[in-house]
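So you can see what is in the structure, the chains are spelled out below.
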Amino acid sequence: MVHAHLLRLPSVFIFSLSVFLGIFLAAIFHRYRVSDILPSQLEISHSLSYLRWLQSINISFPSLDDDKSKMTVSETGFLKNKVRVLCFVMPQYKDSSSLLAYFGAGPGGGPSFDAASAIVKTWGRRCNKLVFFGHSPRIRPPGVSVLPIRNGVAGSWNALREALVQVAVSYQDSYEWFLKVDLETYVIVENLRYYLAIFDAAQPHYFGHVYETWDSQYNAGEAGLVLSRGALRKLHNSFIKGLCDGDSRSGDVGLGRCLADIGISPSDTRDSRGRGRFLALDLEEHLVQKDSLWRNSYWTKSRYKTGEGPHCCSDFAVTFHAQANTIYILEYLVYHLKPFGISTPLVPLH
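Per chain, residue numbering runs from 1 following the sequence as it is written. pLDDT decides what is reported in this predicted model: residues at 70 or higher carry local features, side-chain atom pairs at 80 or more are listed and counted, and totals for whole chains, interfaces and linings draw on all residues regardless. To get the side-chain values, take all heavy atoms of the structure and skip hydrogens and water.

Residue-level account of the packing of aromatic side chains, with values.
Two rings from Phe, Tyr or Trp (for Trp, the six-membered ring) form a pair when their centres are within 6.5 Å of each other. A pair whose planes differ by under 30 degrees is stacked, one over 60 is edge-to-face, and the rest are tilted. Using the criterion set out here, one finds 15 aromatic pairs in the structure. Ring centres of Tyr 195 and Phe 207 lie 5.3 Å apart, and the angle between their planes is 75°; this geometry places the pair in the edge-to-face category. Of the two residues, Tyr 195 is situated in helix 6 (residues 189-196) and Phe 207 in strand 6 (residues 206-207); the sequence distance between them amounts to 12 residues. Per residue, the accessibility class of Tyr 195 equals that of Phe 207, and both read buried. Secondary structure elements are taken from DSSP: a helix is a run of H or I of four residues or more, a strand is a run of E of two residues or more, and numbering for both begins at the N terminus. Here's how the labels work: a residue is buried when its accessible area is under 20% of the maximum for its type, exposed when over 50%, partly exposed in between, all with a 1.4 Å probe on protein chains only.

Here it is in structure tokens:
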């Protein structure tokens, strides 16, 4: 009997060890698969939430029997009036002593393919308000607000903090949402409004593509980031109280840490299939698998993982990192290029 009892010990040990390993692996799977592959922000699809929001404000889509003559506004136009977005663009380079380079006034005074003029001519027109910040602006193009940054180098928390103060003082009561981008960014503003529509702008929201370091989470500047009116107001109040002092560290890291100190965390903005809306790389980098230091850094730092190739990006993606020439290319592909016949049904004649 003693020998039989001893023989059973290894099997009991193996069973216990298996149970422990199973629980441990399940926890790991839940941490990395559920949190990083499936979006945690919304339990139902965004499109269903959007339809419910429209119903809550007594808006519906027309039926075939509705009188088309009474339809005076498109869905895009309706959202532009209902979801008001101020877009502000920050300079990126430490040697940007003026905004001359912004609008193509180079040494010879001729036009150039610069990112700021590309923004003005393309997606910037779709914002409710477009504002540029610079260190000593000398050019004020018609219809474009250019505001000075007196302190700090481009890209620093000091400079971004000063810009946020100016935005809060001048605009926080006129707009619900505030999009901050760097110069090399392309934005599909209609998709941004579609995403933001279901959220209460009076509440503190902080949207973008979340990077994570050992001590903080923040939204990547390369992908653009969005603050609600509630978040901007709370942030500005913290500045008034002397919190979140400016310094020379990265503006996006500084903003994330400051918001964390006042209880505002970045949200998971992926769609219901786990695809990214705010894209921190060039479109090519997301679609074509290749090795690069920047791309590897993106994957290492991203808090919420997305796929690669065609599954990288949401059908309603909001931003892409893009240089000036790519901004024009994306504008053409998104708003002008149309494949013929794919949505036109044909009925055979008898």
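Please set out the pairing of strand 1 (residues 85-90) residue by residue, giving values where relevant.
The buried fraction of strand 1 is high, at six of six residues. Burial of the side chains of strand 1 extends over both faces: Val 85, Cys 87 and Val 89 are buried on one face and Leu 86, Phe 88 and Met 90 on the other.

Please provide a residue-by-residue account of the sheet that holds strand 3 (residues 145-148), values included.
For two strands to be treated as a pair, DSSP must find no fewer than two bridges joining them. The strand order across the open sheet formed by six strands is 3-2-1-4-9-6, and the pairing between neighbours is mixed. Two strands in the sheet have a free side with no partner beyond their single neighbour: strand 3 and strand 6. Of the strand pairs in this sheet, strand 1 and strand 4 (residues 177-182) are connected by six bridges, and their pairing is parallel. By the bridge assignment, Phe 88 is partnered in strand 4 with Lys 180. Lying on the sheet, helix 6 is in contact with strand 1, strand 4, strand 6 and strand 9 (225-228); it crosses strand 1 at an angle near 125°. The criterion used for residue contact is that any of the two residues' heavy atoms lie within 4.5 Å. For helices, the axis comes from a line fit to the C-alpha atoms of the stretch in contact; other axes are also lines fit to C-alpha atoms, and the angle between any two N-to-C directions lies between 0 and 180 degrees.

Describe the side chain of Ser 314, and please don't skip the residues or the numbers.
With respect to the helices and strands, the residue Ser 314 is situated in the loop between helix 10 (293-301) and strand 10 (319-321). The contact partners of Ser 314, leaving out residues within four places of it in the chain, are Asp 271, Arg 275, Gly 276 and Arg 277.

Tell me what's going on with the pattern of salt bridges, and back it up with residues and numbers.
Here, a salt bridge means any Lys or Arg side-chain nitrogen found within 4 Å of an Asp or Glu carboxyl oxygen. Evaluated as defined, the whole model comprises 12 salt bridges. When the shortest N-O distance is used, the salt bridge between Arg 126 and Glu 190 registers 3.7 Å. Remark: Glu 190 occurs in helix 6 and Arg 126 occurs in the loop between helix 4 (115-121) and strand 2 (129-134); sequence separation between them is 64 residues. Asp 271 is the salt-bridge partner of Arg 275, the closest N and O atoms lying 2.9 Å from each other. Classification of Arg 275 as buried rests on a relative accessible area of 10%. Taken together, the shared-partner salt bridges connect Arg 125, Arg 126, Glu 190 and Glu 331 into one network.

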